[in-house]
Amino acid sequence: MAAKTGQIGELVRTLGAQLKDAFSSSAKTVDADNGAYTPRSMVVAKVSRNAVAELVNQARNHPQRGNLASANPAYVALAELTELVGRPGLALGLRSETGEIGFLDLDMDPDEAALKGGAYLDRRQNRNLWRQLKNLSAMKVDRTMLSPARPVRSPEDMELTEDTVEEDENR
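Residues numbered from 1 in each chain as written. Predicted model: local features only at pLDDT ≥ 70, side-chain atom pairs only at ≥ 80, totals over all residues. Heavy atoms only, no water.

Draft legend 1. Representation of the packing of aromatic side chains. In total, this model carries one aromatic pair according to the counting rule given. An angle of 65 degrees between the planes, with centres 5.4 Å apart, marks the rings of phenylalanine 103 and tryptophan 130 as edge-to-face. Of the two residues, phenylalanine 103 sits in strand 3 (residues 100-105) while tryptophan 130 sits in helix 5 (residues 123-144), which places them 27 residues apart along the sequence. Accessibility expressed as a relative area gives 1% for phenylalanine 103, which makes it buried. Here tryptophan 130 falls in the buried class, since its relative accessible area comes to 15%. (Phe/Tyr/Trp six-rings, centres within 6.5 Å; stacked < 30°, edge-to-face > 60°. Helix = DSSP H or I, 4+ residues; strand = E, 2+ residues; numbered from the N terminus. Buried < 20%, exposed > 50% of the residue type's maximum accessible area, 1.4 Å probe, protein only.)

Printed below as a string of structure tokens:
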């Protein structure tokens, strides 16, 4: 295994940050009242993780920008993050040197990108943006997810229900 100086340390820091994020996100899905996982929070977390995973898989092929009109909450979250951070060229892309998905600024000045070694953001900014993207994606899923609805009943069922209620009241 040929490794450049610092690559192993960088890999350890990346894995450590991913573990830390996984532990903190699993702690957020616990209901504070009774210490149990709520079904809604588990579904929101799962849908959010799947949406971000789809975004990451697409970013392996070519850089992905956010899209407010997308059905995928991760793309919407990325568009909101772009507005929040104030970088209109913010995108996710594959860093070919390390093989990791990271944030890059597609609108970065070419001279500045040449000085930095590419349009990718530094590790600290990248980590902060990942956390914000995951949080925004989960909030977007939670906002758009419908609550359980009453079952739709036919008019015949409603008449039967009203009759049984009247019979119970007469007893």
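Back to the text.
Draft legend 2. Expanded view of the sheet that holds strand 1 (residues 64-65). Taken together, three strands build an open sheet; the order of strands is 1-2-3 and the sheet is antiparallel. Looking at strand neighbours, the two that pair on one side only are strand 1 and strand 3, the edges of this open sheet. Running over the sheet, helix 5 touches strand 2 (90-95) and strand 3 and is turned about 100 degrees from strand 3. (Pairing = 2+ DSSP bridges. Contact = heavy atoms within 4.5 Å. Axes fitted to C-alpha atoms, helices over the stretch in contact; angles between N-to-C directions.)

Draft legend 3. Fine view of helix 3 (residues 73-85). Between its first and last C-alpha atoms helix 3 spans 18 Å; for 13 residues at 1.5 Å apiece the expected length is 18 Å, and the two agree. Within helix 3 the residues assigned to the buried category are Pro73, Ala74, Tyr75, Val76, Ala77, Leu78, Ala79, Leu81 and Thr82. Next to the buried residues of helix 3 lie helix 2 (39-59), strand 1, strand 2, strand 3 and helix 5. One side-chain oxygen at the N-terminal end of helix 3 lies 2.8 Å from the backbone nitrogen of alanine 74; it belongs to asparagine 72. Glycine 86 sits one or two positions beyond helix 3 and adopts a positive phi of about 85 degrees. (Expected span 1.5 Å × (residues − 1). Polar contact = N/O pair within 3.5 Å; in protein donor to acceptor, adjacent residues only side chain to side chain.)

Draft legend 4. Just the environment of leucine 84, in detail. Here leucine 84 shows up in helix 3. Taking the C-alpha atoms as reference, leucine 84 lies 9.9 Å from glutamine 132; in sequence the two are 48 residues apart.

Draft legend 5. The arrangement of the packing of helix 2 against helix 3 in detail. Where helix 2 meets helix 3, the axes come as close as 7 Å, and the angle between the chain directions of the two elements is 75 degrees. With respect to their mutual orientation, helix 2 and helix 3 come out roughly perpendicular. Each of Ala51, Val52, Leu55 and Gln58 in helix 2 lies in contact with helix 3, whose residues at this interface are Pro73, Ala74, Tyr75 and Leu78. Residue composition of the contact of helix 2 with helix 3, grouped by class: seven nonpolar, one polar and no charged. (Parallel < 35°, antiparallel > 145°, perpendicular 65-115°, else oblique. Nonpolar A, V, L, I, M, F, W, Y, C, P; charged D, E, K, R; others polar.)

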